[in-house]
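Architecture and fold: a report
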Amino acid sequence: MLNETEIIAEQENVPKWERIGNEIVRTYELDDFPTAISFVGRVADLSEAANHHPDIDIRYRKVRIALTTHDAGGLTKLDFSLAQEIDQAL
């Protein structure tokens, strides 16, 4: 698990993600529902490859993604790395 200083440093690499407790969260607004579902498919592929699975909430064309490392009890480099990959997939 990262300490507070490390979390602040890592968050600079994903400025659109908001820290809420032991998670980093971002809501993406896509063009329409099919585009949102396609994006979630890309996130699923990235998550499987990293063996790290986010919480995903789909509301029409809005997709909310929350990342944390449950096994570690908080945020790790894995969360921030996957967040960067998800941003690039957009």
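Preceding this section is the structure that the text describes.
Residues numbered from 1 in each chain as written. Predicted model: local features only at pLDDT ≥ 70, side-chain atom pairs only at ≥ 80, totals over all residues. Heavy atoms only, no water.

Summing up its helical and strand segments, the protein chain has three helices and four strands in all. Scanning the protein chain from its N terminus toward the C terminus, one meets helices and strands in the order α-β-β-α-β-β-α. Rg of the C-alpha trace for the protein chain: 13 Å, near the compact-globule value of 12 Å for 90 residues, within the 12% margin. Across its three principal directions, the C-alpha atoms of the protein chain cover 40 × 25 × 20 Å. When burial is assessed residue by residue, the protein chain has 36% of its 90 residues classed as buried. In the protein chain, 64% of the contacts between residues at least 6 apart in sequence involve partners at least 24 apart. For the protein chain, the exposed surface amounts to about 5,300 Å²; the carbon and sulfur share of it is 47%. (Helix = DSSP H or I, 4+ residues; strand = E, 2+ residues; numbered from the N terminus. Rg over C-alpha atoms; globule rule 2.2 N^0.38 Å. Buried < 20%, exposed > 50% of the residue type's maximum accessible area, 1.4 Å probe, protein only. Contact = heavy atoms within 4.5 Å. Areas by Shrake-Rupley, 256 points an atom, 1.4 Å probe, with all protein chains shown as cover.)

This brings us to the packing of aromatic side chains. This model, assessed by the stated rule, comprises two aromatic pairs. With 6.3 Å between their ring centres and 75 degrees between their planes, Trp-17 and Tyr-28 make a pair best called edge-to-face. Here Tyr-28 lies in strand 2 (residues 23-29) and Trp-17 lies in the loop between helix 1 (4-11) and strand 1 (18-20), a separation of eleven residues in the sequence. Judged by its relative accessible area of 3%, Trp-17 falls in the buried class. For Tyr-28, a relative accessible area of 1% gives the class buried. Note on Tyr-28 and Phe-39: the rings are 4.8 Å apart at their centroids and 55 degrees apart in plane angle, and the pair reads as tilted. (Phe/Tyr/Trp six-rings, centres within 6.5 Å; stacked < 30°, edge-to-face > 60°.)

Looking now at the side chain of Asp-79. Examined against the element boundaries, Asp-79 turns out to sit in helix 3 (residues 77-89). Salt bridges are absent for the buried Asp-79, whose nearest opposite-charge side chain, Arg-19, sits at 9.9 Å. Residue contacts for Asp-79: discarding those within four places in its chain leaves Ile-24, His-52, Leu-67, Thr-68, Thr-69 and Gly-74. (Lys, Arg positive; Asp, Glu negative; His and termini not counted. Salt bridge = Lys/Arg side-chain N within 4 Å of Asp/Glu carboxyl O.)

Throughout the structure, instances matching the rule amount to five salt bridges. Among the ionic pairs, Glu-4 bridges to Arg-19, the shortest N-O distance being 2.6 Å. Of this pair, Glu-4 sits in helix 1 while Arg-19 sits in strand 1; the two residues are 15 residues apart in sequence, bridging distant segments of the chain. Judged by relative accessible area, which is 43%, Glu-4 ranks as partly exposed. A relative accessible area of 29% places Arg-19 in the partly exposed class. When the shortest N-O distance is used, the salt bridge between Arg-61 and Glu-29 registers 2.6 Å. Here Arg-61 is found in the loop between strand 3 (55-59) and strand 4 (62-67), whereas its partner Glu-29 is found in strand 2, with 32 residues between them in sequence. Under the relative-accessibility criterion, Arg-61 is labelled partly exposed at 29%.

Moving on to the nonpolar core. With 19 residues, the main nonpolar core has Trp-17, Phe-39, Ile-65, Leu-67 and Ile-86 as its most contacted residues. Elements that contribute at least two residues to this core include exactly strand 2, helix 2 (33-50), strand 4 and helix 3. Excluding residues that lie within four positions of it along the chain, Trp-17 makes contacts with Gln-11, Ile-24, Val-25, Arg-26, Tyr-28, Ile-65, Leu-67, Ala-83, Ile-86 and Asp-87. (Core = buried A, V, L, I, M, F, W, Y, C linked by side-chain atoms within 4.5 Å.)

Such coordinate-based values are descriptive only and should not be taken to indicate function.
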